[in-house]
Amino acid sequence: MKTLAALSAACLCAGAAHAVVVTVNHNVTLLPPSGYLEVDLDLDGQVDINIASNFYVSVWSGNTQFTTPYALVGEVLGPDNEWRQGNTWMDLHGYVPNFVQDGLLHLGVRRTSVGDFYGYMTFNYDAQARSVSLNAFTYENSGLPIVVSASAVPEPAAALLLGAGLAALVGMRRRRVD
């Protein structure tokens, strides 16, 4: 029993140390209507992507890639998605409203300057002005696929691992008391 409890506690610590969903808040509401703003998504001092409020997205240097089209809440972003570099106007065919959920758009991003991680940018969508502003960048720092979420929540596997670790700790405590 002690071995099982120790192993569960070790898994809890190892999982918590390696697999974390990170959200970097940006709240950039002054994206240019044309041209672009260079954005350091992960705040490490290096530009990752260029964006504008007219749905323009580009990557001309570095390794960052993005998806087209936008992602929906619940979608898995990982190696099975089509990733690209270059530039695009994400609203060329007027399809953006099909991807708006609770006033937000999500664009898949991978390979920022901090590593080959899967993530997504969250944009606030202004339907009246037909423009976007950057809200946040969320990524999974282990390199595993990430599920697009309306808010940053732990992955189910991480929650299961946390529960197993806590149960093991409770079991160890009860054994000591007895």
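Provided above is the structure to which this section pertains.
Here is a short report on the structure shown in this document.

Rules used in this analysis
- Residues numbered from 1 in each chain as written.
- Predicted model: local features only at pLDDT ≥ 70, side-chain atom pairs only at ≥ 80, totals over all residues.
- Heavy atoms only, no water.
- Helix = DSSP H or I, 4+ residues; strand = E, 2+ residues; numbered from the N terminus.
- Buried < 20%, exposed > 50% of the residue type's maximum accessible area, 1.4 Å probe, protein only.
- Contact = heavy atoms within 4.5 Å.
- Polar contact = N/O pair within 3.5 Å; in protein donor to acceptor, adjacent residues only side chain to side chain.
- Pairing = 2+ DSSP bridges.
- Core = buried A, V, L, I, M, F, W, Y, C linked by side-chain atoms within 4.5 Å.

**Examining the environment of T64**
Relative to the helices and strands, T64 is located in the loop between β4 (56–59) and β5 (65–67). A relative accessible area of 3% means that T64 is categorised as buried. Sequence separation between T64 and F117 is 53 residues, and the spatial gap between their C-alpha atoms is 9.8 Å. Excluding residues within four positions of it along the chain, T64 makes contact with D48, V59, Q85, V109, R110, R111 and T112. A distance of 3.2 Å separates a polar side-chain atom of T64 from the backbone oxygen of D48.

**As for the sheet that holds strand β11 (residues 131–140)**
In space, the six strands of this open sheet follow the order β1-β11-β10-β9-β5-β7, with antiparallel pairing throughout. A strand with exactly one partner marks an edge of an open sheet, and here the two such strands are β1 (21–28) and β7 (83–84).

**Considering the nonpolar core**
I49, I51, Y70, L105, M121 and F123 are the most contacted members of the largest nonpolar core, which has 26 residues in total. Going through the elements one at a time, β3 (49–51), β4, β9 (104–112), β10 (115–126) and β11 are the ones with two or more residues in this core. Once you skip the residues sitting within four places of it in the chain, L105 turns out to touch F55, Y70, V96, F99, V100, M121, T122, F123, Y125 and V132. If you look at the next biggest cluster of nonpolar residues, it comprises seven residues, including A71, W83, Y118 and V148.

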